[in-house]
Amino acid sequence: MNLNRGRFFAGPRVATLAAFMSTIIASMFSVVAGASTFMPPSATALAAEVDHIYAFLLIASLISFILLIGGMFWFVYKYQRRSANDKTAYITHDHTLEFVWSFVPFVIFMFVFFWGWKVYHDMRTVPADALEVQVMAKKWDWRFTYKSGKEVTSGLDDNGQKIPATLVVPSGRPVKLVMASEKINAASTDPRDRPVLHSFFIPSARVKQDVVPGRYTMLWFNFDQPGEYWVFCTEFCGAGHSAMKAKIKAVPQADFDRWLAEEGGGVLTLAEQGKALYGAKACVGCHSADGTRVVGPTFKGSWGAQHKMEGGATVAVDENYIRESILNPNAKIVAGYPAGVMPAYAGQLSDDELLALIEFIKTLK
Amino acid sequence: MSTAKSSTPGVHQHAHHYDSAEHEYQSSKQGLWLFMCTEILMFGGLFVAYIIFHNMFPETFKVGSLFTDVKYGATNTVVLLFSSLTMALGIHYCQMRQQQKAVIALAVTILCGFAFMGIKWLEYSHKFHMGLLPGDWYAGNAEMIAAEIGNVTIPSNIALYFSFYFMMTGLHGVHVLVGMGLITWVMIRTMRGEFGPHFYTPVEGVGLFWHLVDLVWIYLFPLLYLVS
Amino acid sequence: MANVTGAHTANHSDSNYLNHEKGLWNWLSTLDHKRIGLLYFITVAIFFLIGGIFALLIRTELFSAGETIMTAEQYSRVMTYHGAVMVFLVIIPGIPAFLGNFFLPMQIGAKDVAFPRLNLASWYCLIIGAGIALASLFFGGADTGWTFYTPYSIKHAPAVICMVLGVFVAGFSSILTGLNFIVTTHKLRAPGMTMNRIPLFVWALYSTAIIQVLATPVLAITVLLLAAENVFGIGFFDPALGGDPVLFQHFFWFYSHPAVYIMILPAFGVISELITTFSKKTIFGYTAIAYSSVAIAAVSFFVWGHHMFVSGQSEIAGIVFSFITMLVGVPTAIKLFNWVATLYKGSINLSAPMLYALGFMFLFTIGGVTGIFLATIAVDVHFHDTYFVVAHFHYVMVGGTLMAIMGGIYYWFPKMFGKLVNDKWAQVSFFFIFVGFNVTFYPQFVLGSLGMPRRYFDYLPEYEHLNRISTVGAYLIGIGFVISVITVIHGLFRGKPAGPNPWGGTTLEWTTASPPPHENFLVTPIVTAGPYEHR
């Protein structure tokens, strides 16, 4: 190895390297300086909370990056090789230093961990007064159903271009989405048409939740201001994945009420549809709606209650529990009731019918 | 594991990159145990899935196991346990350089393998006949089912039980077949007199594998046959 | 400098491992770890070329919003093959199977790995696995993404079945290599080479091997179940039969998160070697670096759920995984600090391998800190499955692992082939790759923050500007690699003789001739000191 060659290049090369690296760092700086514009405008209080953590992380990262990589450049500049016989220091370790650079990052990491936990907990805690909307995802579209039975789907414009479904919500009020994934075509037996994973992502609200076939997942948000926001599908679901968009339009409560009332008439509410199914699917034979004990547990007052199971476990009655109890009744048996009596309804009820039944059960306070 | 061919029968020369035969033996043994770890983790994945689904659908597993024949399962358990014993004897006789006894022990082990697979074949063909197949292929014949287990409500996802049954016993069966092939290989080498007190690593390794196959079955038997 | 007694440094006989035996068949049936290493070199380089072409196709398609050069169906496939080829056939075998195979035995003073036949068998596993996986292209190609998420991947399609069985077979390559390395490290160290004298590259490979042996079998059973799901519809992951699609994610990430460390830990090892040699200084905090590798390996098994914060897993599970993920950050930070501290008062030689090492530190630091963003659960909810994640793992996998592979190739090239490459051109390639890399992936952090999801064939018009910058960067990287290939080939044929130790390295491989003789050392080295005694 010809060391002279290294030396010949050393001076100008370090200068170029430094100039070039500082350009990169400077450009990253300038981008970070406008950090708030990095994210889409935050439209909910929770989004603002997320942005605070994000801003903290950006600044902390930048400082650590400059310390570390700045230190690297400084050393590279200062201790360039002068000759093949350079003497170097023999430093094997330094316990104090090593403790400091292990402990300080640890403390910072724990700090952001707890902060992230706190905000995440808020994300997962749905306010009790939230307006509920059912979301149905399929390849490759979104569909929204309100309790009134009103349904919003995508449409086509005059040029045959898709107009994404627009979820209209009141601003300033929490909205809870109950989401499920359905088949492209209920009658199809083609395995490629089975329901798949999707994910409901509202960048402006900084929230996202996968939509999982076979169960319900929830998401909530509360837009401060009226406005229009994008919804993207963020779980790969096939060729139409990137076209699987929807919009959320937040409007003042009064406008929302007006909108919900128009064109909504004539349709049964979800609960009414559920009530009809309660009769038609013969639930009524074994589960009373008025609290009397028949074969199975009554529906009255069951929503939100804690049911004691055979085997001693306690289960909260929520959407997923009811869904499971309809589709696979023997999975969990309420204490004091016989097992193996109710037939499984798997494959006999559509996702819409299930949601309607659940809605009906919710009304039986 | 030996890369050097023995020039004289029974005298094993260690491979060029080891210091001694003992060094090679210890290394091979460590490698074998690590391989056993990977096997356990692979089956472990299936067992974890079993626990999860058994927890979700206890009824399905309970009813599913009614279709298994405990007599067959128990016989197979005994057969495998006995074969583990003969395998251990085979290793022992190889170490002692009692060639003939070793070959007999190994041959009995292989026969046990055949017996095991034979019984499996009886069980499988019976299930195929009844249409008790995994997942989408399930086509249970209602009359035959009633004749077999009487008047029991069949859970709607009973096919899931057969998915587990065939995946677990199938993967295990493949291991039994591989094990039988390996035992045949070491038996032939025993006949050639390649093993003795100073070199028996392949027999020991194959034996370890065979014990693992046995061990997995000891877990499979109660999980699939006795769960009701 | 040499910490070895009794070893003849230069060996002037002409016999070396390259000309020990001749002929293609001798190469394809070789048991010599060095030759097997080179077999891996060639195969990984070919797969990298294939994966790279897919990458450029992706970036070209994304140059403009809407359809640019291919349909959405084609895009899904290109995206899948880019990911699967790069992960399973390039980055996972890249350092361990190629550089590790070649240098792990040499660095501990062994003549070979513990099980040479198994070593060759692992190469064939990779080739056969890759063959099966790529055969899926003849069945229309798989379009599931490299993660094969169920239920989308359950479509009874031969292409998907081929793909996952290919991964299954290639997985054995990884398991067997790991097994071989563990036993080699334990049993074949030269006299005096205690565990606290083994080079850090060996420590890194050893930690990696533990993960390979313990995690890969779980991938094996997962893809086997997925194949059975496609053939029989067994229903484990299919809600129609009461199965759970999210269970697949748990299984998959139980392997694939540790696999991330299979990809990056060996890179840490290479960087430790490069930093100490090119600073002509002993490594700072040998013990900390060595044990932090093992710590990362151990903790990596308990963080898989951080890929699933929005999958519907319980709140408490998310929090626990977030917490453990933060813990992995600590040993990773320790390594970076140690490397920078090693530069202090050194004699720094800015040859190409060192530039790659410094580039690694620059890029990996960005990859690392953005990892903390993603570990912070509330922030991850926004970033999950957006381009922010894409940028993050490319900073780690490409900015980290690939930079280390390149640095390692340039560092050990003189040892492998006895010739020097043209350092100036190697540096030019570095500048192209480094600049191109930042131009490609830095804008993707911004895109992700703005909310552009990953795996998108089409995007909102407002994202176009940043996507164009990113595409230009991808071509710069491409140019960088073309220059590197030419430089390496030029070095092979026209390189000046290297001599046994051109860089002043202190580990054992530098004490023998270049290229090394068939059994590495003419006389078994006896080790009397640590690996980096630059006094």
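Residues numbered from 1 in each chain as written. Chains lettered and ligands numbered in written order. Predicted model: local features only at pLDDT ≥ 70, side-chain atom pairs only at ≥ 80, totals over all residues.

**Here we look at the overall build of chain A**
Which entries qualify depends on this criterion: The numbering of helices and of strands both runs from the N terminus, where a helix is a DSSP run of H or I of at least 4 residues and a strand a run of E of at least 2. Here the C-beta atoms are placed from the backbone, and a residue counts as buried if at least 20 other C-beta atoms lie within 10 Å of its own, exposed if 12 or fewer do, and partly exposed otherwise. Contact definition: two residues whose C-beta atoms, as placed from backbone geometry, lie within 7 Å.
In terms of regular secondary structure, chain A is built from eight helices and 14 strands. Relative to its 365 residues, chain A shows a buried fraction of 35%. Contacts in chain A between residues at least 24 apart in sequence constitute 64% of all its contacts with a sequence separation of at least 6.

**With respect to the overall build of chain B**
A count of helices and strands for chain B gives seven helices and zero strands. Counting from the amino terminus, helix and strand elements in chain B follow one another as α-α-α-α-α-α-α. Considered along the principal axes of its C-alpha atoms, chain B spans approximately 65 × 30 × 25 Å. Counting only residues that meet the buried cut, chain B has 42% of its 228 residues in that class. Intrachain contacts of chain B at a sequence separation of at least 6 include 76% that bridge at least 24 residues.

**Side note on unusual backbone geometry**
Following Thr150 of chain C, the chain continues into Pro151 of chain C via a peptide bond in cis, with omega recorded as -5°. In this structure, Pro515 of chain C follows Ser514 of chain C across a cis peptide bond, with omega equal to -10°. By the element assignment, Pro515 of chain C lies in the loop between helix H14 (464-494) and strand E2 (526-527). Here the phi dihedral of Arg206 of chain A falls at roughly 60°; this positive angle occurs in a residue that is not glycine. Tracing the chain through its elements places Arg206 of chain A in the loop between strand E8 (198-202) and strand E9 (207-211). Assessed through the 28 C-beta atoms surrounding it within 10 Å, Arg206 of chain A is described here as buried. The phi dihedral of Arg455 of chain C is positive, around 60°, even though this residue is not glycine. Tracing the backbone shows Arg455 of chain C in the loop between helix H13 (423-450) and H14. When the 22 C-beta atoms within 10 Å are taken as the criterion, Arg455 of chain C is described as buried.

**Examining the interface of chain C and chain A**
The partner chain A presents 81 residues to the 83 residues of chain C that form the contact. Taken together, the elements giving at least two residues each to the side of chain C that touches chain A come down to helix H3 (72-107), helix H7 (245-279), helix H8 (286-299), helix H9 (315-343), helix H10 (352-375), helix H11 (377-383) and H13 of chain C. A per-element tally of the side of chain C that touches chain A places H9 of chain C first, with 14 residues.

**Describing the sheet that holds strand E10 (residues 217-221) of chain A**
Residues and elements named next belong to chain A. Filter applied, for reference: Following DSSP output, two strands are said to pair if at least two bridges run between them.
Read from one edge of the open sheet, five strands run E3-E2-E1-E7-E10, paired in mixed fashion. Where the open sheet ends on each side, the last strands, each with one partner, are strand E3 (151-152) and E10. Relative to strand E2 (residues 141-146), strand E1 (residues 131-138) runs antiparallel, the two sharing six bridges. By the bridge assignment, Gln134 is partnered in E2 with Thr145.

**Considerations on helix H3 (residues 45-78) of chain A**
Owing to its 3.6 residues per turn, the α-helix aligns residues three or four sequence positions apart on the same side. Applied cut-off: To estimate how far a helix should reach, multiply one less than its number of residues by 1.5 Å.
For H3 of chain A, spanning 34 residues, the distance from its first C-alpha to its last is 49 Å, which sits close to the expected 50 Å at 1.5 Å a residue. Inspection of H3 of chain A places Leu46, Ala47, Val50, Ile53, Tyr54, Leu57, Leu68, Ile69, Met72, Phe73 and Val76 of chain A among the buried residues, and these make up the whole buried set.

**Examining the interface of chain C and chain B**
As a reminder of what qualifies: Classification convention: Asp, Glu, Lys, Arg as charged; Ala, Val, Leu, Ile, Met, Phe, Trp, Tyr, Cys, Pro as nonpolar; all other residues, Gly among them, as polar.
On the chain B side, the residues contacting the 33 residues of chain C number 30 residues. Among the secondary structure elements, those contributing two or more residues to the side of chain C that touches chain B are helix H4 (116-135), helix H5 (158-187), helix H6 (200-232) and H7 of chain C. Here the element with the most residues in the side of chain C that touches chain B is H6 of chain C; it accounts for nine residues. Across the side of chain C that touches chain B, the residue classes break down as 23 nonpolar, five polar and five charged.

**Considerations on H4 of chain C**
For H4 of chain C, with 20 residues, the first-to-last C-alpha span of 29 Å sits near the 28 Å given by 1.5 Å per residue. If you check which residues of H4 of chain C are buried, you get Pro116, Asn119, Leu120, Ser122, Trp123, Cys125, Leu126, Gly129, Ala130 and Ala133 of chain C.

**Focus on the environment of Glu182 of chain A**
Residue and element names in this part refer to chain A. Structurally, the position occupied by Glu182 is in the loop between strand E7 (175-181) and E8. Given 18 C-beta atoms within a 10 Å radius, Glu182 is considered partly exposed. Along the primary structure Glu182 and Asp193 are separated by 11 residues, whereas in three dimensions their C-alpha atoms are 9.2 Å apart. Look past the residues within four positions of Glu182 in its chain and what remains in contact with it is Met136, Lys138, Pro195 and Asp351.

**A short note on the sheet that holds E9 of chain A**
Residue and element names in this part refer to chain A. Selection criterion: Fitted lines through C-alpha atoms serve as axes, helices being fitted only where they are in contact, and the angles separating the N-to-C directions of these axes extend from 0 to 180 degrees.
Strand order across the open sheet formed by five strands is E6-E12-E11-E8-E9, with mixed pairing between neighbours. Taken across any chain shown, the strands that pair with only one partner, and hence form the sheet edges, are strand E6 (166-170) and E9. In this sheet, neighbouring strand axes are inclined to one another by 25° on average, regardless of whether the strands run parallel or antiparallel. Strand direction decides the pairing type here: strand E11 (residues 227-233) and strand E12 (residues 245-251), joined by six bridges, are antiparallel. Looking at E12, one finds that Val231 is bridged to Ala246. Of the strands in this sheet, E6 and E12 touch helix H5 (residues 253-261), which is tilted by about 130° from E6.

**Some remarks on the confidence of the model for chain A**
Note the threshold: pLDDT is defined as a per-residue confidence score from the predictor, taking values between 0 and 100.
Of the residues in chain A, 89% have a pLDDT of 70 or more, and the chain-wide mean is 84. Low pLDDT, under 50, characterises residues 1-10 of chain A; the stretch is placed with 10 contacts to residues that sit more than four places away or in other chains.

**Digging into the confidence of the model for chain B**
All names here are of chain B. With 95% of its residues at a pLDDT of 70 or more, chain B shows a mean pLDDT of 87. Within the model, the stretch residues 1-10 combines pLDDT values under 50 with 23 contacts to residues more than four positions away or in other chains. In the predicted assembly, ipTM is 0.90 and pTM is 0.89.

**A word on the pairing of E2 of chain A**
Residues and elements named next belong to chain A. Of all six residues in E2, five are buried; the element is thus mostly enclosed. Counting the residues that bridge the hairpin from E1 to E2 gives two residues. Strand direction decides the pairing type here: E2 and E3, joined by two bridges, are antiparallel. Pairing of Phe144 across the sheet is with Val152, part of E3. Where E2 hands over to E3, the hairpin turn is made up of four residues, of which Gly149 adopts a positive phi near 95°.

**Digging into the packing of helix H2 (residues 33-61) of chain C against H3 of chain C**
All names here are of chain C. Put simply, the rule is: Put simply, angles under 35 degrees are roughly parallel, angles over 145 are roughly antiparallel, angles from 65 to 115 are roughly perpendicular, and the rest are oblique. Less than a right angle of anticlockwise turn of the near helix away from the far helix marks a crossing as left-handed, whereas a clockwise turn marks it as right-handed.
In the contact formed by H2 and H3, the axes pass within 7 Å of each other and the chain directions differ by 155°. Relative to H3, the element H2 lies roughly antiparallel. Regarding H2 and H3, the two cross each other, and that crossing is left-handed. Among the residues making up the contact of H2 with H3, the classes are represented as 24 nonpolar, six polar and two charged.

**Quick look at the environment of Trp230 of chain A**
Residue and element names in this part refer to chain A. With respect to the helices, strands and loops of the structure, Trp230 is situated in strand E11. When the C-alpha positions of Trp230 and Thr125 are compared, they lie 23 Å apart, and in sequence the two are 105 residues distant. Leave out the neighbours within four places in its chain, and Trp230 touches Pro203, Lys245 and Lys247.

**Structural notes on the nonpolar core**
Nonpolar side chains tend to gather and get buried jointly when the protein is soluble and globular. In plain terms, the rule: What we call a nonpolar core is a set of buried Ala, Val, Leu, Ile, Met, Phe, Trp, Tyr and Cys residues whose membership is set by joining through C-beta atoms within 7 Å. Throughout the structure description, domain borders are defined by an automatic or database domain assignment.
With 334 residues, the main nonpolar core has Met179 of chain A together with Val164, Ile271, Ala357 and Met361 of chain C as its most contacted residues. Among the elements that make up this core, the one with the highest residue count is H6 of chain C (23 residues). Of the residues that make up this core, three or more belong to each of domain 1 (12-81 + 90-124) and domain 2 (131-261) of chain A. Membership of the second largest hydrophobic core comes to 15 residues, among which are Leu270, Leu354, Ile361 and Leu364 of chain A.

**Points about the pairing of E1 of chain A**
Alignment of E1 of chain A against E7 of chain A, held across seven bridges, turns out to be parallel. Pairing of Val133 of chain A across the sheet is with Leu177 of chain A, part of E7 of chain A.

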